[in-house]
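# Fold and geometry: a report
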Amino acid sequence: MKPVDGFAGTPLRGAKVTDFHAAEVGRRAARRAAAGLPVVPMHYGQPSCGAPPAAIAAAHRVLDADPLGYFESEPLIGKIARHYRSAYGLEVDPARILLTAGASAGLVAAYACLFRHGDRVAMTTPGYPAYRNALVALGLQPVELRTAAARGYQLEAADLDALQPAPEGLLLASPANPTGAMLDLDHFMALASACRRRGIQLISDEIYHGMTFGQRAVCALEVEPEAVVVNSFSKLYRMPGWRLGWMVVPQRWARTINACLINFFLTPSTLAQHAALAVMDETEDLQRWVEVYRGNGSRLLEGLRSLGITSIHPPEGAFYLYAEVGHLTRDSLQFCLRAVEEAGVALAPGVDFDPVEGHRYIRFSFAVSPAQVEQALASLAAWLPGYRDLPDYARRQ
Ligand SMILES: Cc1ncc(COP(=O)(O)O)c(C=O)c1O
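So, here's what we can say about the structure. Quick caveat, the model's predicted, so the values are computed rather than measured. (Residues numbered from 1 in each chain as written. Predicted model: local features only at pLDDT ≥ 70, side-chain atom pairs only at ≥ 80, totals over all residues. Heavy atoms only, no water.)

Its place among the elements puts Arg338 in helix H12 (residues 332-343). Note on Arg338: relative accessible area 7%, which makes it buried. Within the structure, Arg338 has its side chain in polar contact with the side chain of Gln334 (distance 2.7 Å). Apart from residues lying up to four places away in sequence, Arg338 is in contact with Ala343, Trp383, Tyr387, Arg388, Asp389, Leu390 and Tyr393. (Helix = DSSP H or I, 4+ residues; strand = E, 2+ residues; numbered from the N terminus. Buried < 20%, exposed > 50% of the residue type's maximum accessible area, 1.4 Å probe, protein only. Polar contact = N/O pair within 3.5 Å; in protein donor to acceptor, adjacent residues only side chain to side chain. Contact = heavy atoms within 4.5 Å.)

As structure tokens, then:
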């Protein structure tokens, strides 16, 4: 088709955000699998075992009987409200709960409604790449607060206090991606009061709640009733491809933020909402997989140590190990692209989570089966001794 006059060759005028580099690892992993070659998928943070059977059965029933129009499930909202009571002892009015197309949509709506063009939003580095990229896409400025393995990747209130001027927002995640680090109650309280003192809006991404290996995660609403909370059915409930999550927002903002969600996305997946109603009661099934991840995390930590990869913060929650591998590579993207192609182990490069230091780090997602953890360790044991960074690798791609 002939391009419209005047637009041919015009560059995009909007924000240029970077892709997840892990997506390229994923494409190569998919090509390998399609060619019948073994591959262990540890690059994306997604449970590999599928949704609980109760969700699948509910979806089958609904698919046969329901026209699947746009939908907001009041029973699901009610169930989420009750979850806050049973998990944290919090009373949350259902009117404050908004259903979203995953935590991703909740974060975008939060950014769009809580901030103005040019506002600064602080977040931890290393951190989930879409935080930074989506903020940039919406004309906001990410302010990176570096956390270090030596300090357990803890963010201190003093780190926030040191920011001059105060940012308009603070985005927290505990447990965190990619480190699996958690904020304890004291740290969370100190950060919440630092936010209150300086008028910083707190956004808490609680997508890894319920997946912890010791203490339970603190909900931001326990320490700051005005926090905006984002959560999802993608991780604990094992429904990443179903695209469903929720937000809890202060009552006075609920209608406006919901209007934003509707204008951006209409309603989230109807099928997913029906299925989700069935999963929240599947405590035993959900917990069984958290125990699998706990075992996987310990085994992987021990196995990597025996391969000489020793600089790893033991995860307190989520399903990630963030490993320092500066003795093996100065180019984590090359390392991960070659690990998938040469060893059949798909990993996420640290540059996704930390553009400055991430070239020396890689992230393992251990939301796979124990057998896949063993397969990954065996493949890496055979591959790592011969690995050297190739100086001209990027040019060859
Ligand atoms: C910390 C964090 N927040 C949000 C998301 C987005 O999740 P969802 O599938 O709910 O959109 C992810 C996905 O990996 C994540 O790790």
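Don't stop here, the text continues.
Taken in spatial order, the 7 strands line up as S2-S8-S7-S6-S5-S3-S4 in an open sheet, and their pairing is mixed. Of all strands in the sheet, those with a lone pairing partner are strand S2 (97-100) and strand S4 (141-146), marking the two edges. Geometrically, the sheet is characterised by an average inter-axis angle of 25° between neighbouring strands, direction not taken into account. (Pairing = 2+ DSSP bridges. Axes fitted to C-alpha atoms, helices over the stretch in contact; angles between N-to-C directions.)

It is worth spelling out the environment of Leu135 at this point. Structurally, Leu135 can be placed in helix H5 (residues 129-137). Looking at Leu135, the relative accessible area reads 0%, which means it is buried. Through-space distance from the C-alpha of Leu135 to that of Val292 is 34 Å; in sequence the pair is 157 residues apart. Setting aside chain neighbours within four positions, we find Leu135 in contact with Tyr111, Val121, Met123, Ala130, Leu140 and Pro142.

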